[in-house]
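One letter stands for each residue in the lines below.
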Number of protein chains: 2
Amino acid sequence: MAETKITALKFGGSSLADSAQFNKVASIIRLHEGRFFVVASAPGKRSKDDTKVTDMLYKCHDLASSGHDFMPVLSDIRRRFESIAEGLGMDYDFSSDFDTIRAHLEKGPERDYMASRGEYLNSKLLAAFMGYDFIDPATCVFFREDGTLDAEATNNALGKQLSGRQHAVVAGFYGTGADGRIKTFSRGGSDVTGAIVARAAKADVYENWTDVSGMLTADPRIVDSPEPISEISYRELRELSYMGASVLHEDAVFPVRSAGIPINIRNTNRPEDRGTWIVPHRDSMADGSRVVTGIAGKKGFSSMRVEKAMLNNEVGFAARLLDIIAAAGVSFEHVPSGIDTMSVIVDSSDFRAKRSEILENVRDRLAPDALIVDTEIALIAVVGLGMVYRKGVAARLFSALADADVNIRMIDQGSSEINIIVGVDESDYEKAVRALYEAFFRL
Amino acid sequence: MAETKITALKFGGSSLADSAQFNKVASIIRLHEGRFFVVASAPGKRSKDDTKVTDMLYKCHDLASSGHDFMPVLSDIRRRFESIAEGLGMDYDFSSDFDTIRAHLEKGPERDYMASRGEYLNSKLLAAFMGYDFIDPATCVFFREDGTLDAEATNNALGKQLSGRQHAVVAGFYGTGADGRIKTFSRGGSDVTGAIVARAAKADVYENWTDVSGMLTADPRIVDSPEPISEISYRELRELSYMGASVLHEDAVFPVRSAGIPINIRNTNRPEDRGTWIVPHRDSMADGSRVVTGIAGKKGFSSMRVEKAMLNNEVGFAARLLDIIAAAGVSFEHVPSGIDTMSVIVDSSDFRAKRSEILENVRDRLAPDALIVDTEIALIAVVGLGMVYRKGVAARLFSALADADVNIRMIDQGSSEINIIVGVDESDYEKAVRALYEAFFRL
């Protein structure tokens with residue numbers, strides 16, 4: 001007898017924005033066999049100028065907490081849900097739920113509680129439409145006192161809830177805080193709920209359904225119609241995400257990664273597309289596999305350069321320098337070093353706030369010969385499993401940048417074989433990304 | 001009235017190896033005008049298979065201190081000096097000097113004292129030959145208790161000795177330690193004496209006379225007849241020297257650099273050659289100026305890579321990592337970092353001795369997901385003032401390495417605009433240096 005297949009499916013806000021989208025989601029769900037668990041977001045935008053239900057809920061909260069009349073907005077929210085139910089031909093009564101929300105708002109609204117109601121209501125509605133059980137994450141997703149997810153407690157409680165069931169719908173985005181109140185993840189947190197459901201269900205795959213056919217090889221605001229990525233390893237994803245490529249909430253990776261569960265990013269509006277597979281391991285030397293998996297980057301970095309004669313002979317100099325930066329609560333991205341010089345690349349906004357404190361401490365404690373701050377640096381990561389071991393990759397990369405007349409401010413390669421990170425002037429950023437895309441994807 | 005020109009001239013061992021070389025040195029010295037001060041080394045090799053006097057002195061010391069008969073070697077040394085004096089037609093009596101040395105050896109020899117006698121005797125001989133005063137650095141070059149040069153005390157004492165004189169010969173290589181005994185610099189330390197003499201004399205130039213027509217653009221053991229460097233800034237020199245290009249003792253740079261005195265490396269056997277000018281500042285955009293000034297490198301590095309999920313979010317992680325390495329007394333060369341991974345490039349021999357201590361501490365205190373040590377890495381520095389701001393330099397560099405089939409293990413660029421440092425497999429080192437030389441000097 002074959003093992004029962006287990007699937008976790010997460011649908012984003014645009015996938016559940018109206019009844020037409022609900023119907024698409026329902027047919028996608030019904031194609032699945034075995035046991036499966038659905039995580040639903042709040043209704044998203046139906047068109048470009050539409051408002052997400054979560055934003056309406058925040059507005060409601062803000063009006064209520066500042067003593068203004070929230071009822072018109074709350075009624076709009078209720079009408080959004082009613083129109084979905086009507087469009088699905090359902091006879092669904094929202095009265096008791098909205099009475100509860102209204103009572104909460106009148107008593108003194110909590111921001112996280114309010115924000116969570118979009119997922120709560122939408123998931124209950126989807127569960128009713130599909131005929132599945134609804135699971136309220138308030139009963140099984142737990143946060144610690146410091147606000148981070150209590151992964152093990154959650155996994156145990158959620159695992160118990162799922163184990164007896166064939167199918168269920170779990171509301172995304174929230175759980176219960178250490179103080180017993182509703183607490184949400186940061187925006188996009190339903191991705192995290194999907195990941196912890198996948199882990200707790202011991203799923204074979206975590207399907208993340210959204211409105212694009214996978215992750216793209218470059219930022220579509222910079223590069224015209226970049227290719228989607230067909231397969232990417234967790235490590236490559238982490239590097240691209242860290243550098244700004246957004247497809248999943250950052251924290252959504254770890255629960256499934258540690259459990260070895262692949263993620264499949266799919267398009268609710270084009271379910272026939274294969275989407276992007278995020279896998280624990282992949283064969284970068286397979287036929288047709290590209291050298292580079294993706295390109296991502298961010299503006300907003302600064303460099304602080306410390307020059308001091310014989311610095312390299314001072315054992316502990318770098319540790320003291322980084323300690324000063326850490327003590328100011330600033331984290332750094334790279335530490336390029338020369339002979340007698342060492343730089344630290346930091347996030348400009350973090351650094352700006354602590355700049356004088358850091359510079360003063362460096363001057364006092366390290367007595368540098370020179371201390372130079374450079375701002376407006378953009379970092380670009382070119383990521384590809386095993387790319388560093390392939391002949392000519394660095395040559396192609398730097399030739400592309402040279403041909404595009406891009407000045408290279410920093411290069412960091414060597415800690416992992418899957419990326420080269422280049423620093424350029426912010427004003428050259430878009431040009432550099434386009435040149436790299438051309439070099440690795442259009443040739 | 002024009003200012004009197006002041007020159008410091010240092011002659012290496014091969015420049016003073018025999019009477020023919022002494023005569024060359026004398027004519028070079030006599031071409032100088034104004035005030036000048038000469039620093040002399042011990043007699044070097046007269047031919048490839050010859051022995052340097054300093055090595056003979058060390059041998060003498062070792063024989064004496066292990067209770068063996070040192071007289072045959074001491075007599076050989078005396079004959080070396082006598083043959084120089086004879087060749088110069090001088091009637092010079094070494095008896096009292098050699099009696100003193102013999103008495104010292106019999107009483108219980110000190111290694112540094114013995115090593116210093118080559119410079120002492122050769123400089124006295126040169127002073128007598130030229131008719132100049134001899135200055136014994138035992139009276140004016142001072143070391144601190146920790147063994148480092150006491151630069152200020154030396155500068156004062158030496159300055160006083162020189163100020164009343166037009167010309168003098170100063171013995172290189174040694175001075176007086178904090179304990180009042182003779183103490184030498186490390187091998188090649190006469191270069192340092194030359195530099196401190198130049199500083200103390202407020203010289204206009206420090207001429208360093210040796211047996212090559214300047215510093216070379218690459219290691220001649222790897223590249224066939226590399227070009228000499230005509231002009232190089234102190235900063236470029238420091239980077240090339242640090243990475244193994246040897247022309248001057250490393251510590252010889254700082255005294256003159258801080259005083260803004262240029263160094264001119266000259267060839268005693270080809271005094272007509274312009275040699276290499278080491279200058280405080282130079283115009284890298286001048287006509288005919290090369291993009292790259294020189295290439296140097298070293299084998300013998302290892303990398304320790306630490307992988308840990310969310311490492312970049314752990315403020316202070318790097319400081320703690322480098323602190324462990326500093327606490328083990330190991331200094332590091334580079335810290336390439338990726339996302340969730342950080343490497344430290346260290347000298348293999350330093351690291352080997354502390355490896356288990358460091359790895360254990362990293363495991364205990366940083367709880368990494370993975371900890372990987374790679375050995376047999378060679379580092380290559382491609383150095384050129386302003387090269388990083390010139391278009392296409394990185395492209396040319398990496399294309400050359402790719403065409404030569406060299407795998408790039410690490411790249412570090414960004415802390416100074418004058419170099420790019422590349423890590424390659426030790427087995428690819430020579431091939432890589434040749435490819436880079438071809439790319440930047442033969443095209």
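Residues numbered from 1 in each chain as written. Chains lettered and ligands numbered in written order. Predicted model: local features only at pLDDT ≥ 70, side-chain atom pairs only at ≥ 80, totals over all residues. Heavy atoms only, no water.

(A) Broad picture of the overall build of chain A. Within chain A one finds 13 helices and 16 strands. Since a compact globule built from 443 residues should have a radius of gyration of about 22 Å, the 25 Å found for chain A is in line with a globular shape. By principal-axis analysis of the C-alpha atoms, chain A measures approximately 75 × 55 × 40 Å. Within chain A, buried positions represent 60% of all 443 residues. Considering only intrachain contacts with a sequence separation of at least 6, the fraction spanning at least 24 residues in chain A is 74%. As presented, chain A carries roughly 17,700 Å² of accessible surface, and 45% of it is formed by carbon and sulfur atoms. Each charge class in chain A was averaged separately, 52 positive and 64 negative side chains, and the resulting centres sit 1 Å apart. (Helix = DSSP H or I, 4+ residues; strand = E, 2+ residues; numbered from the N terminus. Rg over C-alpha atoms; globule rule 2.2 N^0.38 Å. Buried < 20%, exposed > 50% of the residue type's maximum accessible area, 1.4 Å probe, protein only. Contact = heavy atoms within 4.5 Å. Areas by Shrake-Rupley, 256 points an atom, 1.4 Å probe, with all protein chains shown as cover. Lys, Arg positive; Asp, Glu negative; His and termini not counted. Charge placed at Lys NZ, Arg CZ, Asp CG, Glu CD.)

(B) Representation of the interface of chain A and chain B. In this assembly, 55 residues from chain A lie in contact with 55 residues from chain B. For the pair chain A and chain B, the summed buried area comes to about 4,800 Å², and 57% of that belongs to carbon and sulfur atoms. Broken down residue by residue, the surface that chain A buries against chain B is led by Ile339, Ile411 and Ser415 of chain A, which jointly contribute 14%. Where chain A meets chain B, there are two salt bridges. A salt bridge links aspartate 340 of chain A to arginine 238 of chain B; its shortest N-O distance comes to 2.5 Å. Between chain A and chain B we count twelve residue pairs in polar contact (both at pLDDT 80 or more) in total. Those elements giving two or more residues to the side of chain A that touches chain B turn out to be helix H8 (234-242), helix H10 (317-327), strand E12 (332-334), strand E13 (341-347), helix H12 (393-403), strand E15 (408-413) and strand E16 (419-425) of chain A. At six residues, the largest contribution of residues to the side of chain A that touches chain B is made by E15 of chain A. A class-by-class count of the residues in the side of chain A that touches chain B yields 25 nonpolar, 18 polar and twelve charged. Pairing of E15 of chain A with strand E15 (residues 408-413) of chain B involves three bridges; the strand directions are antiparallel. Within E15 of chain B, the position partnered with isoleucine 411 of chain A by the bridge is glutamine 413 of chain B. (Buried area = accessible area lost by both parts, 1.4 Å probe. Salt bridge = Lys/Arg side-chain N within 4 Å of Asp/Glu carboxyl O. Polar contact = N/O pair within 3.5 Å; in protein donor to acceptor, adjacent residues only side chain to side chain. Nonpolar A, V, L, I, M, F, W, Y, C, P; charged D, E, K, R; others polar. Pairing = 2+ DSSP bridges.)

(C) Quick look at the relation of the copies chain A and chain B. Overlaying chain A with chain B gives an RMSD of 0.3 Å, the required rotation being 179° about an axis along which the chain moves by 0.1 Å. The superposition of one copy onto the other is thereby described by a two-fold rotation axis. When you check the interface residues of chain A against chain B, 100% turn up at the interface there too, and the contact is symmetric in its surfaces. (Least-squares fit on C-alpha atoms with pLDDT ≥ 70 in both.)

(D) Seen up close, the sheet that holds strand E10 (residues 276-279) of chain A. All names here are of chain A. In space, the eight strands of this open sheet follow the order E3-E4-E2-E1-E7-E9-E10-E8, with mixed pairing throughout. For this open sheet the edge positions go to strand E3 (133-135) and strand E8 (231-233), each flanked by a neighbour on one side alone. Averaged over all pairs of adjacent strands, the angle between strand axes in this sheet comes to 20°, irrespective of strand direction. Taken together, the three bridges between E3 and strand E4 (residues 167-171) define a ladder with parallel strand orientation. Each residue of the ladder has a partner; that of phenylalanine 134, found in E4, is valine 169. (Axes fitted to C-alpha atoms, helices over the stretch in contact; angles between N-to-C directions.)

(E) Summary view of the packing of aromatic side chains. Residue and element names in this part refer to chain B. With the rule as written, the count across this model stands at 18 aromatic pairs over all chains. Each ring, one from phenylalanine 81 and one from phenylalanine 94, has its centre 5.9 Å from the other, and the planes form 45°; the classification is tilted. Of this pair, phenylalanine 81 sits in helix H3 (residues 71-87) while phenylalanine 94 sits in the loop between H3 and helix H4 (95-107), and the two are 13 residues apart along the sequence. It is arginine 117 that lies over the ring of tyrosine 120; its NZ or CZ is 4.2 Å from the centre. (Phe/Tyr/Trp six-rings, centres within 6.5 Å; stacked < 30°, edge-to-face > 60°. Lys NZ or Arg CZ within 6 Å of the ring centre and 35° of its normal.)

(F) Highlighting unusual backbone geometry. Its identity as a non-glycine residue notwithstanding, phenylalanine 173 of chain A has a phi of 85°, on the positive side. Summarising the element assignment, phenylalanine 173 of chain A is placed in the loop between E4 and strand E5 (174-176). The exposure class assigned to phenylalanine 173 of chain A is buried, which follows from its relative accessible area of 2%. Look at lysine 202 of chain B: it is not a glycine, yet its phi comes out positive at around 50°. Counting through the fold element by element, lysine 202 of chain B comes out in the loop between helix H7 (190-200) and strand E7 (205-210).

(G) Summary view of the confidence of the model for chain A. In the predicted model, chain A carries a mean pLDDT of 92, and 98% of its residues have values of at least 70. With pTM at 0.79, the complex prediction returns an ipTM value of 0.71. (pLDDT = per-residue confidence, 0-100.)

(H) Summary view of the sheet that holds E13 of chain A. Taken together, the twelve strands give an open sheet; going across it, the order is E12(A)-E13(A)-E11(A)-E14(A)-E16(A)-E15(A)-E15(B)-E16(B)-E14(B)-E11(B)-E13(B)-E12(B), and neighbouring strands pair in antiparallel fashion. For this open sheet the edge positions go to E12 of chain A together with strand E12 (332-334) of chain B, each flanked by a neighbour on one side alone. Going across the sheet, the axis of each strand differs from the next one's by a mean of 35°, ignoring polarity. As paired strands, strand E11 (residues 294-307) of chain B and strand E13 (residues 341-347) of chain B are joined by seven bridges and run antiparallel to one another. Note that in E13 of chain B the partner of glutamate 307 of chain B across the bridge is threonine 341 of chain B. Together, strand E11 (294-307), strand E14 (370-383) and E16 of chain A form the strand contacts of helix H13 (residues 429-441) of chain A, whose direction differs from that of E11 of chain A by roughly 130°. Each of E12 of chain A together with E11, E12 and E13 of chain B touches helix H10 (residues 317-327) of chain B; the most contacted strand, E13 of chain B, lies at about 25° to it.

(I) Representation of the pattern of salt bridges in the model. Residue and element names in this part refer to chain A. Taken as a whole and judged by the stated rule, the model has 48 salt bridges over all chains. One salt bridge in this structure joins lysine 299 and glutamate 430, with 3.1 Å as the shortest N-O distance. Highlighted residues: lysine 299 in strand E11 and glutamate 430 in helix H13, separated in sequence by 131 residues.

(J) Representation of the pairing of E10 of chain A within the structure. All names here are of chain A. In terms of strand pairing, E8 meets E10 through three bridges, oriented parallel. Paired with isoleucine 232 across the bridge in E10 is isoleucine 278. For strand E9 (residues 263-267) and E10, the ladder comprises three bridges, and the chain directions are antiparallel. Residue pairing in the sheet places asparagine 264 in a bridge with tryptophan 277 of E10.

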